[in-house]
Amino acid sequence: MNTNLTAEQKDYAVFLPAVSGFYATFIGKQQSTEYVETARIPKNFTHGVESLNFLNPSQGQFQYKWCLYSAGHADLDINRDSPKEDMFRKRDRSTSWALGDSGGFQIGKGVWEGDWKDPTCPKAQKKRESVLAWMDAYMDYGMILDIPAWVARSPKGQQATGITTYEEACQATNINNEYFMKHRSGACKFLNVLQGENHTEADDWYDRMKKFCDPKQYPDTHFNGWSMGGQNMCDIHLVLKRLVALRFDGLLEKGTHDFMHFLGTSKLEWATLLTDIQRAVRKHHNPNFTVTFDCASPFLATANGQVYCQVETEDRSKWVYRMVPSIDDKKLATDTTAFAEAFVREGKHESFLDSPITDGLQAKDVCIYAPGDLNKIGKEGKTSWDSFSYAILMGHNVWMHINAVQEANRQYDQGKIPNMLINETFDRIMFRDIVEAIFSTDDRSVADAIIQEYSKYWMSIIGTRGATGKKTVNASTQFNNLFEEV
Amino acid sequence: MKDTLQDIVKHTHSLGFIDLVKIVGDDKSTTIDAMAEDRSVVVKSELKSPVPEFAGTFGMPNLGKLDILLKLPVYKDNAEITVNTQERNGDTVPVGLHFENDSKDFKNDYRFMNAEIVNEKLKSVQFRGVNWHVTIKPTMPDVQRLNFQAQANAEENVFTVSTDGDALKFKFGDASSHAGEFTFATGITGKLDKTWAWPVAQVTQILKLIETNACEMSFSDDGALQITLDSGMASYQYILPAQSK
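What counts and what doesn't
- Residues numbered from 1 in each chain as written.
- Chains lettered and ligands numbered in written order.
- Predicted model: local features only at pLDDT ≥ 70, side-chain atom pairs only at ≥ 80, totals over all residues.
- Heavy atoms only, no water.
- Contact = heavy atoms within 4.5 Å.
- Buried area = accessible area lost by both parts, 1.4 Å probe.
- Salt bridge = Lys/Arg side-chain N within 4 Å of Asp/Glu carboxyl O.
- Polar contact = N/O pair within 3.5 Å; in protein donor to acceptor, adjacent residues only side chain to side chain.
- Helix = DSSP H or I, 4+ residues; strand = E, 2+ residues; numbered from the N terminus.
- Buried < 20%, exposed > 50% of the residue type's maximum accessible area, 1.4 Å probe, protein only.
- Expected span 1.5 Å × (residues − 1).
- Pairing = 2+ DSSP bridges.
- Axes fitted to C-alpha atoms, helices over the stretch in contact; angles between N-to-C directions.

Draft legend 1. Structural view of the interface of chain A and chain B. If you look at the interface, chain A gives 24 residues, while chain B gives 31 residues. Between chain A and chain B, a total of about 2500 Å² is buried, with carbon and sulfur atoms accounting for 56% of that surface. Counting every contact that joins chain A to chain B gives two salt bridges. Between R39 of chain B and E485 of chain A there is a salt bridge, and its shortest N-O distance comes to 3.6 Å. The interface formed by chain A and chain B contains 14 residue pairs in polar contact (both at pLDDT 80 or more).

Draft legend 2. Here's a closer look at the pattern of salt bridges. As enumerated under the stated definition, the model contains 45 salt bridges over all chains in all. For E80 of chain B, the salt bridge is made with K104 of chain B, and the minimal N-O distance between the two is 2.9 Å. Here E80 of chain B is found in strand β5 (residues 80–88), whereas its partner K104 of chain B is found in the loop between β6 (91–100) and β7 (107–111), with 24 residues between them in sequence. When its relative accessible area of 37% is taken as the criterion, E80 of chain B is described as partly exposed. By relative accessible area, K104 of chain B is classed as partly exposed at 42%. Connected via shared salt-bridge partners are D207, K210, D249, R444 and D448 of chain A.

Draft legend 3. View of helix α4 (residues 122–138) of chain A. Residue and element names in this part refer to chain A. With 17 residues, α4 ought to run about 24 Å at 1.5 Å a step, and its terminal C-alpha atoms sit 24 Å apart, in line with that. Turning to α4, its buried residues are A124, Q125, R128, S130, V131, L132, W134, M135, D136 and Y138. Contacts from the buried residues of α4 go to β2 (66–70), α2 (86–89), β3 (97–101), β4 (141–143), α6 (166–183) and β5 (189–194).

Draft legend 4. Here's a closer look at the sheet that holds strand β13 (residues 197–199) of chain B. All names here are of chain B. As summarised here, the arrangement of the four strands in space is β12-β11-β10-β13, forming an open sheet in which the pairing is antiparallel. Both edges of this open sheet fall to β12 (180–185) and β13, since each of them pairs with a single strand only. The sheet shows a mean angle of 35 degrees between the axes of neighbouring strands, taken without regard to direction. In this structure, strand β10 (residues 158–164) lies alongside β13, joined through three bridges in antiparallel fashion. Along β13, the bridge assignment pairs V158 with P199. Across the sheet, helix α4 (residues 140–152) lies against β11 (167–172) and β12, angled at about 170 degrees from β12, the strand it touches most. Where helix α5 (residues 200–207) meets the sheet, its contacts fall on β10, β11, β12 and β13, and the angle it forms with β13 comes to roughly 60 degrees.

Draft legend 5. Expanded view of the sheet that holds strand β16 (residues 234–241) of chain B. All names here are of chain B. Pairing is antiparallel in the open sheet, where eight strands are placed in the order β4-β1-β2-β3-β16-β15-β14-β9. Each edge of the sheet is formed by a strand with only one pairing partner; in this case those strands are β4 (56–60) and β9 (134–136). Here the strands of the sheet are splayed against their neighbours by 15 degrees on average, with no regard to which way each runs. Contacts from α5 reach β14 (214–220), β15 (224–230) and β16, with the element oriented near 20 degrees to β15.

Put into structure tokens, the structure is as follows:
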């Protein structure tokens, strides 16, 4: 079992667990108070609750230096003591690396109200200021405060933000970008988020926003890399088109634009294809180029009572990290059986891959409530879990997800191929070979032609969300061109 | 009334991708608007003889249910279908259809969607207009040949259209896949410079109605396809935005 996942990372595209506020709260609060009673902490946690802090290289049960944390659920007041934030506020910046998500999602969903297309709106301005200050204070890299193009389709978002069209989303993002550029301290490096719901919109968004990464236009304040949102994050055709455009537009330069992040990417196959891309760009253009991608699956799965139990990387098949409902039974409240053993014994799945979190963990450490026990609010609930049970299994799921990503890359390097990245219908077409061909040429038209030649193949590489597969070809672009709402 | 309703259902719901239509009517006209959920087809129609009872704006949702009611044998002969109305804000508005069989012992009510909700769910869209570069009147055999290719290339969601001299050619697939091509029409005037893609399922479903309709197809280099069907009771315009990534 690998405990030092930082060391195991090699030259793979970097997965960033999108740490939940719930999880970070346990780690942060325990650093200054006994938030979790000592007696509640499993015996195998050698450094108490801090054992869950994978950013801590000396005390974490396992180590992994990279992650994403969102301003959307952080305490943004940097002048106020906030123990729940201390996993990030007090982390050692020399041994960890955090990417800050900006909260564009919260704007899109209407959680952060304000008239975002009005640069003088006090509500929006307050949020703009606090997000920037928070990023500069605590994050190594951060996303600019983009307004996703899909807000125009979100009734709640429209109502709360005053943004009803793609055009207005662009305008509002522009306002935020100008503000960030003017007021950033330089402590945090910023990724220019690319949005758009189809190729046409994505191209348009790029054309409007690329200037913010251009050192010629903004020598001292330009943004420092890219973040792929909207259709850009799930449509490999668009990803490759954009990378070629960036390369030949001089916006993928060593030391200037070294990072590209993919928002909300959970497909295991993408862990390997993003490594292919990273390697090809490093080899042929920018040796510093680093691809990162995040998802919150380990945390969301736990919140739904699911636990990761297995990684499946059979050659020429679908690659998955398998998650199933965990044990949750009050009769296990005194059961000292190893968690993994109890999980299999209770028929949850035929096997359970232990993590450094579950290695030595007992069933009773998770199933804490016995029949008749009252929970924190003085009631007898249905579940045997307390809130710390969730934190424990989140820690396990984080290790499992990172390990799955790294295992996928190891298997890929050893010649096993996920079905999605090879097509043997007529000829043998391998994703990595096409990517190599695209980036090995110094001629943009040749690179573009290769991408276009495989237009259909790209549709077999399914992304996490958005228009994927055959749905990448749709009527949305032309509908927008031909019709107007009245 | 029954014939009109059957005509509307046949030209919308039976296509398989429309389950809601918006009716806007007064004493001079009755118009029908609909749209596929994925915006692949926009339908605009006007009844040749307005239905006076369809005064105002309302939606016909769950068209599958209306289709069933219209096909029930019990309502086949001498059934009475009337429009229910209510007073709302001083206006008399249609709120549904009442079905009653000949012997008055079998009844159904089909509810309309009110104007506010249908306007939210089915926003009115205005076609900006394009130049139509090629217009043809397809025949049953043409449509049959299209269906043959669609069958043979069932994995393809779209086909492309191009002109070659006076021939209009439809193509399925490309060099990277199985492929098929055929001449859909000859003797055309006009020329297409751009090879747009069109949705196979939607086009073939609409063209199935050619059996009972006069049909005209117009293609534009601006990425629009219009199929016009004249059922005798109404003229239905189906405007399809081209498919692209």
